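What follows is each chain in one-letter form.
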Amino acid sequence: MSRTPVLRAAVVGTGHRAQLFTRGLAERPGHLVAALCDPSPARMAFHNRLLTETGAPAATLWEPDCFTDLLAEEDIDEVVVTTVDAEHDRYIVPALRAGCRVVTEKPMTVDAERCARILDTVRETGNRLTVAFNYRFNPVHEKVRALLAEGAIGEVLSVHFEWLLDVRHGADYFRRWHREKRHSGGLMVHKSSHHFDLVNWWLADEPREAFGYGRLGFYGREAGERHGLRRDYDRAHGADRAADDPFALDLAANDTLRALYLDAERDDGYLRDRNVFDGPITIEDDMSVLVRYARGATMTYHLTAYSPWEGYRVMFNGSAGRLELEVEESRWQPPLTRVTSAAGAVHGDTAAEHAGGARLTLRPLWRPPVDVPLAVAHEAHGGGDPRMLDALFGSVGPTRAPDTAAAAHPTATERDGALALAVGLAANRSFETGRPVRTGELLPGIR
């Protein structure tokens with residue numbers, strides 16, 4: 001009997017999000033996590049414990065500066081990139097040139113220059129890149145796409161999309177490296193790329209122009225003092241003023257957060273629990289954008305990062321009716337500072353304690369509205385994470401091969417990654433200039 005060949009994988013960047021891929025690869029037949037790459041030996045040791053807990057062998061440990069040697073010496077077939085966003089291209093490009101299959105966390109990268117470098121490498125090598133847009137795999141989002149594709153509301157003429165991050169989730173972007181735009185591209189790139197990719201995918205269309213306004217109005221020193229929310233400490237760990245601050249994160253109270261970040265500070269000095277009302281913060285927390293698409297549809301989009309509740313509303317207006325989606329991921333957040341998730345998750349991996357419901361309503365012209373049945377999951381990013389892993393690497397059981405699974409699901413390519421990035425970059429440029437920005441001016445390689 002023939003045996004399934006084993007693909008040797010490298011996971012680059014071993015923070016919280018990488019747990020999904022380390023475990024996911026270890027649990028799937030035909031894959032072996034052969035190498036881990038990160039500046040921190042402590043974080044890599046944590047991921048090796050994840051591997052051995054599943055019965056897989058420990059991986060070898062590599063420093064980032066030795067990544068090209070890692071690819072050759074470890075005979076790597078596939079690479080998963082889960083580093084700081086601005087570092088993605090540093091690993092994507094050499095991995096593509098080495099002939100590896102590459103999967104990167106969203107966003108694909110953070111600026112036009114890095115994006116062009118990635119797209120040029122894809123063209124030069126003929127190798128493809130997959131961007132891990134897990135929201136595509138949420139069954140609710142797949143239902144929306146199916147209804148639009150079958151013409152349930154005719155031609156889509158406009159979209160209104162509002163996404164709200166509650167103060168538990170939203171604040172977390174202002175504690176960690178995401179708070180500096182040079183690392184994350186800001187929330188328009190790091191967070192909203194999820195949403196822009198969804199709309200591109202839902203409409204089967206491409207963005208052409210964006211205009212918007214963005215500001216830091218809730219977090220940061222100035223706003224914190226103006227609203228009476230600021231307390232005087234740099235980081236929460238060891239700070240008396242942070243002990244009962246609902247905006248502080250207690251790393252020592254969660255085993256995973258302690259192992260991944262507090263114990264790793266001696267390796268790279270990274271602080272995971274900064275004061276959200278102190279600097280430096282160079283990203284916005286309230287953003288409003290207008291986008292025009294190639295076939296003429298427009299989208300109004302708003303992201304709020306300090307809401308009492310978390311969720312989103314999306315409305316599609318068409319020539320034959322209207323489709324409305326509302327999802328409540330948390331109805332409210334109590335002022336608790338302790339993270340109870342075993343994965344160290346502040347949001348997404350587990351359902352919120354006060355999760356609400358979801359409703360999808362089809363409103364055709366001249367007929368009564370129809371409530372579309374939904375099966376809603378709030379854990380694992382709406383059920384998208386396990387379905388995405390199945391599509392990328394095959395199912396946990398031996399019944400399905402990786403290539404078959406990937407072909408059957410809506411995985412995102414490097415072009416999809418660039419199109420989602422284009423909206424965020426155009427919005428960021430518009431924030432600075434006060435003018436509409438054409439996506440083709442920033443990323444001519446996607447036209």
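Residues numbered from 1 in each chain as written. Predicted model: local features only at pLDDT ≥ 70, side-chain atom pairs only at ≥ 80, totals over all residues. Heavy atoms only, no water.

The name given to the protein in an unreviewed UniProt entry is Gfo/Idh/MocA family oxidoreductase, and the organism recorded there is Streptomyces coeruleorubidus. UniProt, in its Sequence similarities (unreviewed entry) section for the protein, records the words "Belongs to the Gfo/Idh/MocA family." (UniProt positions renumbered as here; feature names shortened; annotations may be inferred.)

The next point concerns the overall build of the protein. Looking only at helices and strands, one finds 17 helices and 16 strands in the protein. Relative to the 2.2 N^0.38 estimate, which gives 22 Å for 447 residues, the radius of gyration of the protein is 22 Å and therefore close to what a compact globule would have. If one aligns the C-alpha atoms of the protein with their principal axes, the spans along those axes are about 65 × 60 × 40 Å. Within the protein, the proportion of its 447 residues that are buried is 58%. Excluding contacts between residues fewer than 6 apart, the proportion of contacts in the protein whose partners are at least 24 apart in sequence is 75%. By element, 50% of the accessible surface of the protein is carried by carbon and sulfur atoms, the whole surface being about 18400 Å². Across the protein, the 53 positively charged side chains and the 64 negatively charged ones have centroids separated by 4 Å. (Helix = DSSP H or I, 4+ residues; strand = E, 2+ residues; numbered from the N terminus. Rg over C-alpha atoms; globule rule 2.2 N^0.38 Å. Buried < 20%, exposed > 50% of the residue type's maximum accessible area, 1.4 Å probe, protein only. Contact = heavy atoms within 4.5 Å. Areas by Shrake-Rupley, 256 points an atom, 1.4 Å probe, with all protein chains shown as cover. Lys, Arg positive; Asp, Glu negative; His and termini not counted. Charge placed at Lys NZ, Arg CZ, Asp CG, Glu CD.)

The description of two helices packed together rests on the angle between their axes and the distance between the axes. Packing of helix α5 (residues 112-125) against helix α16 (residues 414-433) brings their axes to within 11 Å, and their N-to-C directions diverge by 165 degrees. By the angle between their directions, the pair α5 and α16 is classed as roughly antiparallel. The hand of the α5/α16 crossing is left-handed. Here A112, C115, L119 and V122 of α5 lie close against α16, whose contacting residues are E414, A418, L421 and L425. Its residues assigned to classes, the contact of α5 with α16 comprises 7 nonpolar, no polar and 1 charged. (Axes fitted to C-alpha atoms, helices over the stretch in contact; angles between N-to-C directions. Parallel < 35°, antiparallel > 145°, perpendicular 65-115°, else oblique. Left-handed = near helix turned anticlockwise from the far one by under 90°. Nonpolar A, V, L, I, M, F, W, Y, C, P; charged D, E, K, R; others polar.)

This part covers the nonpolar core. Counting residues in each nonpolar core, the largest one holds 93 residues, and the members touching the most others are V79, W202 and F316. If one sorts the elements of this core by residue count, α16 sits on top with 10 residues. Non-local contacts of V79, meaning those with residues more than four positions away in its chain, are made with A10, V12, F67, L71, A95, C100, R101, V102 and V103. In terms of nonpolar packing, the next biggest core, distinct from the first, is built from 21 residues, L20, L25, L392 and F393 among them. (Core = buried A, V, L, I, M, F, W, Y, C linked by side-chain atoms within 4.5 Å.)

Moving on to helix α10 (residues 192-203). Its 12 residues give α10 an end-to-end C-alpha distance of 17 Å, which sits within 8% of 16 Å, the value for a rise of 1.5 Å per residue. Burial analysis of α10 places 12 of its 12 residues in the buried class, which makes it a mostly covered element. A positive phi of about 50 degrees marks A204, the residue just after α10. (Expected span 1.5 Å × (residues − 1).)

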